[in-house]
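So you can see what is in the structure, the chains are spelled out below.
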Amino acid sequence: TLLGQNIDAYGRDMNPKRNFAELLEYLNKNTANTGLERIRYVTSHPRYFSDRVIDAVASLDKVMECFHMPFQSGDDEVLKNMRRGYTFNSYMKIINKIKKRAPDASICGDVIVGFPGETDEAFQHTLDLMEAVKFDNLNTFAYSPRPNTEASQWTNQVPEHVKSERLQIVQRLAAK
């Protein structure tokens, strides 16, 4: 398993520049006599994800057809406040490309409920995204303030009981 917070950034600091799809191709080709039968990776970031990775996963025999694509929220305003760098629509474009090019692939994700300022309507957008994607696995979290972060100082914190309720709702939906 290749592990990284944003594995799609692989090779950007190399000279000449490389990309993650090239690494997958290299590993798929050069592990013939090593006993390595499967290659898996986590985690992609929707802001940096490339079509080349979809094509590599869909075409390489050792690479597991699994995409871990955290979305965190289905609401554009919450995503903006999180500084995620993508929107509901841009995330769904990625998911639709995956489903078209690798229809049997597993799609996994991460969601955070109760980020400061998350309204009932914003939370509903998250549920809408979950319904649209139908994740094979979903890691679910309630937002918790971290010391010295900007969001921890915001006055629009979501009450703990609301976060707890929302977390239970996404967990029930994810289990369907």
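Computed from a predicted structure; not experimentally measured.

Caption draft 1: Summary view of the packing of aromatic side chains. Under the criterion given, the structure shown has six aromatic pairs. Consider the rings of Phe71 and Phe135, whose centres lie 5.1 Å apart with planes at 15 degrees: the pair is stacked. Here the residue Phe71 occupies a position in the loop between strand 3 (66-68) and helix 3 (76-82), and Phe135 occupies one in the loop between helix 5 (120-133) and strand 5 (137-142), the gap between them amounting to 64 residues. Comparing Phe71 with Phe135, the two get one shared label, buried. Seen from their ring centres, Phe115 and Tyr143 are 5.2 Å apart, and the 75 degrees between their planes marks the pair as edge-to-face. You can see Phe115 sitting in the loop between strand 4 (106-113) and helix 5 and its partner Tyr143 sitting in the loop between strand 5 and helix 6 (160-175), a full 28 residues away along the chain. Overall, Phe115 belongs to the buried group, its relative accessible area being 8%. With a relative accessible area of 10%, Tyr143 lands in the buried category. A connected cluster of aromatic rings, assembled from ring pairs, spans Phe71, Tyr86, Tyr91 and Phe135.

Caption draft 2: Broad picture of the nonpolar core. Ranked by size, the top nonpolar core spans 40 residues in total, and within it Leu24, Tyr41, Phe49, Phe67, Tyr91, Ile98 and Phe135 carry the most contacts. If you list the elements that add at least two residues to this core, you get helix 1 (20-29), helix 2 (51-59), helix 4 (88-101), strand 4, helix 5 and helix 6. Filtering out sequence-adjacent residues up to four positions away, Phe49 remains in contact with Asp8, Tyr41, Ser44, Ile54, Phe67, Met69, Ile94 and Ile98.

Caption draft 3: Molecular detail of the packing of helix 5 against helix 6. Put simply, helix 5 and helix 6 touch, their axes get as near as 10 Å, and they point 15 degrees apart. Comparing the axis directions of helix 5 and helix 6 gives the class roughly parallel. Both helix 5 and helix 6 take part in a crossing whose hand is right-handed. The residues of helix 6 that touch helix 5, namely those facing Asp120, Phe123, Leu127, Met130 and Glu131, are Arg166, Ile169, Val170, Leu173 and Ala174. Here the contact of helix 5 with helix 6 is composed, by residue class, of seven nonpolar, no polar and three charged.

About the criteria used
- Residues numbered from 1 in each chain as written.
- Predicted model: local features only at pLDDT ≥ 70, side-chain atom pairs only at ≥ 80, totals over all residues.
- Heavy atoms only, no water.
- Phe/Tyr/Trp six-rings, centres within 6.5 Å; stacked < 30°, edge-to-face > 60°.
- Helix = DSSP H or I, 4+ residues; strand = E, 2+ residues; numbered from the N terminus.
- Buried < 20%, exposed > 50% of the residue type's maximum accessible area, 1.4 Å probe, protein only.
- Core = buried A, V, L, I, M, F, W, Y, C linked by side-chain atoms within 4.5 Å.
- Contact = heavy atoms within 4.5 Å.
- Axes fitted to C-alpha atoms, helices over the stretch in contact; angles between N-to-C directions.
- Parallel < 35°, antiparallel > 145°, perpendicular 65-115°, else oblique.
- Left-handed = near helix turned anticlockwise from the far one by under 90°.
- Nonpolar A, V, L, I, M, F, W, Y, C, P; charged D, E, K, R; others polar.

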